[in-house]
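These are the residues of each chain, in order.
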Amino acid sequence: MLGPEQRAGPLHGEARGPGGGSPPPPGAGPPAHPAAGAAAGATRPVRPAAGGRAPLEFGACPAVEGLPGGVRCAVLRVPLDYARPDGPQIPLTVSRVPATGEGGARRQGALVNNPGGPGASGMAFPLAAGLPEWRRVAAAYDFVGYAPRGVGRSAPLSCQDPAARTGPTQVPTVPSPAYKRQRVAAARAYARGCARHAGASLPYYTTLNNARDLDVLRAALGEPRLTFMGGSYGTYLGAVYATLHPDRVRRMVFDSAVDPDPAGIWYRSQLGQAAAFERRWHDFRSWVARHHSVYRLGATPAAVQASYERVRKALARTPADGRVGTGELQAAYLRAAYYDDVWPDRAAALAAFLRGDPAELVRQAAPDPERAAEAENATAVYTAVLCNDAPWPGEWAVWDRDGTALARTAPFEAWANTFLNLPCAYWPVRERQRPVPVGPGRAAALPRTLIVAAERDGATPYRGALELQRRLGGEAALVTEKGSGSHGVVGGRNDCVDRHVERYLLTGDTSGWRVTCAPHPEPAPVSLDDRTASTLGATPGAPLSPVV
């Protein structure tokens, strides 16, 4: 589900909503309102609005997008409610760079990207066309990004004032009954805030409507069939689209697959995610322990955990720089469960803190006020889509029981995941979606597709890739990065994986039903005394990193 830009930023360290730290401020919202029937359930095809059939008119991108001049932008209008295709329309922002044609390459159409979340914008995706690893693909395809409904300037969704959260957050390792009551009250207030801000539009932020929007975008681009690359949550969106419209799929790449089993959407998914994060947290601590000579944090994973707890207890007493408490610490180190390229910086920050220098930890973990509005928007869209998509347990006792049991074996993220999703227990939409049973169930055969996954991924556990392959059928190929766990495999981390993806996008061919790639190299240890070699948290292939 969630990817690093949300989990390590909007939801857990920077103006996060229900996911951790201080609860959102209480507020009185309107009574729950019903969802319209089509938004809540029906999956029948509907006629797109007239505006959706018109070709897109690309021009200079607005300055607010922060995109260079070579990228062109357009606005796509789609129905708010597909049961009323001629009713109210909402705008979706779209970005594009044309195929370069380098080397005489034949143009193959548009490659549309959804980076995940839900709540992430793909407007920066065209920048990937300039990366060396995408040179041959960019010669044959227009690179097209967009901001899904609710995100950025695409009918933006909000649930609270971004400025409402101030000060550091303090999150107990083991929540007390009083703290749990506080979080329940915060979740109720947050859900009411979503209803108050969104009004009657709240039920229409769903995966099903995202898939419908994607089909309108395909048509407006003039593409008879869709070539699509989705990361993390974007894989689920793509799988739903492929289920609804198998005859309109050309090629699809699913990077870091969400388990599409309807029984796991979405409550059970977050339970499994916490267990997978625990494994990945162990991987990080094991790496730090192997480099004890550099960081002096402990020669075993248990000893590294003890060092981490020393930092945590110190921040619980006195937040660093008045901005970094235990909530911000958790957010920053959750990113280490997503990407191993941040491991050197995170280890160095712990080591420096324990030597009496908190500056590097503050730099890595303190919220960025300039991103508060973006963070709040991402949290709101994430919450709305997941809460609308499926039924959730409505009794706190169920969440408390499952969270308590999970925390015994997966303490690193169990309670944070529970509180993150808790507004769904009190969601003010009476009629929820029923998850789409993913799989090509119509007469039209789904063409060959490609799934890529890391074997130890924490955000989207590997079993999800196996389940997606099973559901998509014999033409779905799976490339596995063995022994690795960085979330988002495509785009610069692993040359073997990238070769498989490039071959598929350019020719439609795959190397076999299931193939493997060796893991990408682990990062080299870097101390704060050797900053010249440090990446300082830069992520290879950042424009392609799933936000999940």
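Details of the structure are given in the entry above.
None of the values given here were measured: they were computed from a predicted structure.

Broken down by element type, the protein chain carries 18 helices and ten strands. Per-residue burial for the protein chain yields a buried fraction of 62% across its 548 residues. A separation threshold of at least 6 residues defines the contact pool for the protein chain, and within that pool the share at least 24 residues apart is 80%. A total accessible area of about 19600 Å² is found for the protein chain, and carbon and sulfur atoms account for 54% of it.

Looking down a regular strand, the side chains alternate between one sheet face and the other. By the criterion of burial, strand β6 (residues 226-231) is predominantly enclosed, with six of the six residues buried. On β6, burial covers both faces: L226, F228 and G230 on one face and T227, M229 and G231 on the other are all buried. Both strand β4 (residues 109-114) and β6 contribute to a ladder of four bridges, which runs parallel. Each bridged residue has a counterpart across the sheet, and for L111 the counterpart in β6 is T227.

Attention now moves to the packing of aromatic side chains. Enumeration according to the criterion identifies 20 aromatic pairs in this entry. Judged by centre distance (5.8 Å) and plane angle (45 degrees), the ring pair of W287 and Y295 falls under tilted. Aromatic ring contacts, followed pair by pair, group W281, F284, W287, Y295, Y308, Y333, W343 and F412 into a single cluster. We note R96 situated over the ring of F58; from NZ or CZ to the ring centre the distance is 3.9 Å.

When two helices pack together, their arrangement is given by the angle between their axes and by how far apart the axes lie. Relative to each other, helix α8 (residues 267-290) and helix α15 (residues 396-409) sit at 20 degrees, their axes nearing to 10 Å. Here α8 is positioned roughly parallel relative to α15, judged by the angle of their axes. The hand of the α8/α15 crossing is right-handed. Contacts between α8 and α15 pair Y267, Q270, L271, A274 and E278 from the former with V398, W399, D402, L406 and T409 from the latter. The residue inventory of the contact of α8 with α15, partitioned by class, reads six nonpolar, two polar and two charged.

On to the state of the cysteines. Under the definition given, this model contains four disulfides. One disulfide bridge connects C159 with C194, the sulfur atoms lying 2.0 Å from each other. Taking the torsion about the S-S bond as the criterion, the C159 to C194 disulfide, at about 105 degrees, is right-handed. Here the residue C159 occupies a position in the loop between β5 (141-146) and α5 (177-198), and C194 occupies one in helix α5, the gap between them amounting to 35 residues. Judged on exposure class, the residue C159 and its partner C194 are both buried. Shown here is the disulfide that connects C496 with C517, its sulfur atoms set 2.0 Å apart. One quick way to see it: the torsion about the S-S bond of C496 and C517 is about -70 degrees, and its sign makes the bridge left-handed. Highlighted residues: C496 in helix α18 (residues 495-507) and C517 in strand β10 (residues 514-517), separated in sequence by 21 residues.

Running from amino to carboxyl end, helix α10 (residues 301-317) crosses helix α12 (residues 343-354) at an angle of 60 degrees, the nearest separation of the two axes being 10 Å. What the angle tells us is that α10 and α12 run oblique. Seen along the crossing, α10 lies across α12 with a hand that is left-handed. Contacts from S307, Y308, R310, V311, A314 and L315 of α10 reach α12 at L350, F353 and L354. Per-class residue counts for the contact of α10 with α12 are seven nonpolar, one polar and one charged.

Thresholds, definitions, all that
Residues numbered from 1 in each chain as written. Predicted model: local features only at pLDDT ≥ 70, side-chain atom pairs only at ≥ 80, totals over all residues. Heavy atoms only, no water. Helix = DSSP H or I, 4+ residues; strand = E, 2+ residues; numbered from the N terminus. Buried < 20%, exposed > 50% of the residue type's maximum accessible area, 1.4 Å probe, protein only. Contact = heavy atoms within 4.5 Å. Areas by Shrake-Rupley, 256 points an atom, 1.4 Å probe, with all protein chains shown as cover. Pairing = 2+ DSSP bridges. Phe/Tyr/Trp six-rings, centres within 6.5 Å; stacked < 30°, edge-to-face > 60°. Lys NZ or Arg CZ within 6 Å of the ring centre and 35° of its normal. Axes fitted to C-alpha atoms, helices over the stretch in contact; angles between N-to-C directions. Parallel < 35°, antiparallel > 145°, perpendicular 65-115°, else oblique. Left-handed = near helix turned anticlockwise from the far one by under 90°. Nonpolar A, V, L, I, M, F, W, Y, C, P; charged D, E, K, R; others polar. Disulfide = S-S within 2.5 Å.

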